[in-house]
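These are the residues of each chain, in order.
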Amino acid sequence: MNKNLIKVYERDASGFEGRALDVVFPRNVVEVCRIVANTKRIVVRGGGSGLVGGCVPQNGLDVVLDLSKMDKIYGFDNERKTVEVEAGVILDELQGYLGRFGLEFPVKPSSHAIATIGGMIATDAVGSRAIKYGKTSNWVKWVDVVDCYGELYRKGITELSDYCGMEGITGVVVRACLKLSSVKKRSASLVRVESLEEVIGLVRNLKMDANISMIEFFDKQVSEWLELGKVYSLIVEREGESLEGDNREWVVGAEYDRLMSLRDRVGPVLSGKELLIYEDPKVLLDRSDKLIAWCEAKGVPVFGHIGVGIFHPRFRKDQKELVSEMMKLVKRLGGQISGEHGIGVLKKEFVDANDKKILINVKKRTDSLNKFNLGKVI
Ligand SMILES: Cc1cc2nc3c(=O)[nH]c(=O)nc-3n(C[C@H](O)[C@H](O)[C@H](O)COP(=O)(O)OP(=O)(O)OC[C@H]3O[C@@H](n4cnc5c(N)ncnc54)[C@H](O)[C@@H]3O)c2cc1C
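What counts, and where the lines are drawn
Residues numbered from 1 in each chain as written. Predicted model: local features only at pLDDT ≥ 70, side-chain atom pairs only at ≥ 80, totals over all residues. Helix = DSSP H or I, 4+ residues; strand = E, 2+ residues; numbered from the N terminus. Rg over C-alpha atoms; globule rule 2.2 N^0.38 Å. Buried ≥ 20, exposed ≤ 12 C-beta atoms within 10 Å, placed from the backbone. Contact = placed C-beta atoms within 7 Å. Near = placed C-beta within 6 Å. Nonpolar A, V, L, I, M, F, W, Y, C, P; charged D, E, K, R; others polar. Domains from an automatic or database assignment. Pairing = 2+ DSSP bridges. Axes fitted to C-alpha atoms, helices over the stretch in contact; angles between N-to-C directions. Expected span 1.5 Å × (residues − 1). Arc of directions from axis to C-beta.

Caption draft 1: Representation of the overall build of the chain in the model. The helix and strand tally for the chain stands at eleven helices and 16 strands. On C-alpha atoms alone, the chain measures out to a radius of gyration of 21 Å, which is about the 21 Å that the 2.2 N^0.38 rule sets for 378 residues. Based on the C-alpha atoms only, the size of the chain along its principal axes is roughly 60 × 50 × 40 Å. Expressed as a percentage of its 378 residues, the buried residues of the chain come to 43%. Of the contacts made within the chain by residues no fewer than 6 positions apart, 70% connect residues no fewer than 24 positions apart.

Written as structure tokens, this is what we have:
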């Protein structure tokens, strides 16, 4: 491949850069099997929207296996509410197809316009509706995987964890059968709150309502940048009718769309302020005030899926020491260093020794030729 074109495949959305030996674009499973069988080191790439360098090739030794041409949707079963897709299908394209039948894939990362189903499975993507729908793996029935010998296998419920969330270190996900949900009537409310204590209390109450499908948090700084005033803001989404006695204003139609696009605008607004390091720690709601307070004290803007305790503190590139300090705090709070983006290259240094041992064992068992995504996760 032309050297200038290869450069596009030598980085992901984190901005982390590597060097590729080559880039290949299989069009079907047979081609994936042949390429894998004849290649020593492979990095799988979906939409390249990852934020931890997971699909970035290393040292000029890796061949990038780009699955974007494997984008067929088939095997739709309206009765069982399932669909079979190739790994390169982009989430928004799948939603467009399913919308005609009143169905959807309910996990919605903010990168829905670029992320592929294969990438979402490999990172076990979460998203703004996690409070109701959980992670991608909750909605996968089976995956077809190509192993390091170039052999194709179907992996069902008992083996999904070897591939969902393993960030491409165990094999290539080439196809999947996804479970679907009906499109719901949704409304949203913008809530502004003065104190952190009020935020936590409000979220605790909202979580008791089974119809709440999204609680997104913006700290005072982020709210101000979004022109919401210097207060804490929450975008809350619910499905169906509101509860009796709830006198919040719930908007639908164009106003609802405006709130959702406000949520999607946060990333670009912060990137425009050179806040390019995008972290995703996860902590229990009862401890999240400590994480938010730390961010405020350090001048680190933070927003996130507070309903499931996943936060996005954003740092400048010269604030790596602050990132390490935050990771120590997250561990002290009993949290996880990554709630949704994964480990890739950029978070490897923060993985606990015990977790690493478990991951190494899975890697040895599934990728005995040590071929996939070397230097990532472990
Ligand atoms: C603006 C923005 C917002 C985001 N919001 C969210 C969010 O709300 N929730 C969330 O969870 N994530 C979010 N992300 C992160 C990212 O979009 C997700 O991790 C997404 O699932 C990655 O999909 P992808 O197709 O782009 O994968 P890539 O970036 O191409 O790859 C990600 C990892 O998966 C592996 N991989 C990709 N395809 C396959 C395959 N077929 N088989 C095996 N391994 C594979 C790669 O090797 C790599 O390790 C966001 C990113 C951006 C830029």
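Next comes the rest of the account.
Caption draft 2: Expanded view of the site of the ligand. Around the ligand, a shell composed of 38 residues is seen, among which Gly 46, Gly 50, Gly 54, Gly 118 and Gly 119 lie nearest. Of all the elements in the fold, those that place two or more residues in the shell around the ligand are strand E2 (42-45), helix H4 (117-123) and strand E9 (172-179). When residues of the shell around the ligand are assigned to their parent elements, the largest contribution, five residues, is made by H4. Residues that form the shell around the ligand fall into these classes: 16 nonpolar, 18 polar and four charged. Viewed by domain, the shell around the ligand spans two of them, domain 1 (3-66) and domain 2 (73-182), each represented by three or more residues.

Caption draft 3: Focus on the sheet that holds strand E7 (residues 140-146). Pairing in this open sheet of five strands is antiparallel, and the strands run E4-E5-E9-E7-E8 from one edge to the other. The strands lining the two open edges of the sheet, one partner per strand, are strand E4 (73-77) and strand E8 (152-155). Along the sheet, successive strands turn relative to each other by an average axial angle of 15 degrees, direction set aside. Here E7 runs beside E8; their pairing, made up of four bridges, is antiparallel. Considered in E8, the bridge of Asp 144 is made with Arg 154. Across the sheet, helix H2 (residues 29-37) is in contact with E7, E8 and E9; its angle to E9 comes to roughly 145 degrees.

Caption draft 4: View of the sheet that holds strand E3 (residues 62-66). Spatial ordering of the open sheet is given by E1-E3-E2, a layout of three strands whose pairing is parallel. Strand pairing shows two members of the sheet lacking a second neighbour, strand E1 (20-24) and E2, which therefore form its edges. Shown here is a sheet whose adjacent strand axes are inclined to one another by a mean of 25 degrees, direction ignored. Bridging between E1 and E3 involves four bridges; their strand directions are parallel.

Caption draft 5: Seen up close, the domain arrangement of the chain. Parsing the chain into structural domains produces domain 1 (3-66), domain 2 (73-182) and domain 3 (186-332). For domain 1 versus domain 3, the distance between C-alpha centres works out to 33 Å.

Caption draft 6: Region of the structure containing the pairing of strand E16 (residues 310-315). The buried fraction of E16 is high, at six of six residues. Side chains Ile 310, His 312 and Arg 314 of E16 all project onto a buried face; the interleaved residues Phe 311, Pro 313 and Phe 315 project onto the opposite face, where all are buried too. Joining the antiparallel neighbours strand E15 (residues 302-305) and E16 is a turn of four residues, in which Gly 309 adopts a positive phi near 75 degrees.

Caption draft 7: Region of interest: helix H9 (residues 285-298). Under the 1.5 Å per step criterion, the end-to-end length of H9 is 20 Å for 14 residues, consistent within 8% with the ideal 20 Å. Inspection of H9 places Ser 288, Leu 291, Ile 292 and Cys 295 among the buried residues, and these make up the whole buried set. What you see down the axis of H9 is that its buried residues fit within an arc of 100 degrees, all on one side. In H9, the exposed positions that point more than 90 degrees away from the buried face belong to Asp 286, Ala 293 and Ala 297. Along its buried surface, H9 packs onto helix H6 (196-206), E15, E16 and helix H10 (320-332). Once H9 ends, the next one or two residues include Gly 299, with phi positive near 70 degrees.

Caption draft 8: Representation of the environment of Lys 72 in the model. Residue placement: Lys 72 occurs in the loop between E3 and E4. Classification of Lys 72 as partly exposed rests on a count of 14 C-beta atoms within 10 Å. For the pair Lys 72 and Val 199, spaced 127 residues apart in sequence, the C-alpha separation works out to 43 Å.

Caption draft 9: Examining the pairing of E9 more closely. With six of eight residues buried, E9 is to be regarded as a mostly interior element. The pairing of strand E5 (residues 82-86) with E9 spans five bridges and is classified as antiparallel. Residue pairing across strands places Val 85 opposite Ala 176, the latter belonging to E9. The sheet contact formed by E7 and E9 spans six bridges and is antiparallel. Paired with Val 140 across the bridge in E9 is Leu 178.

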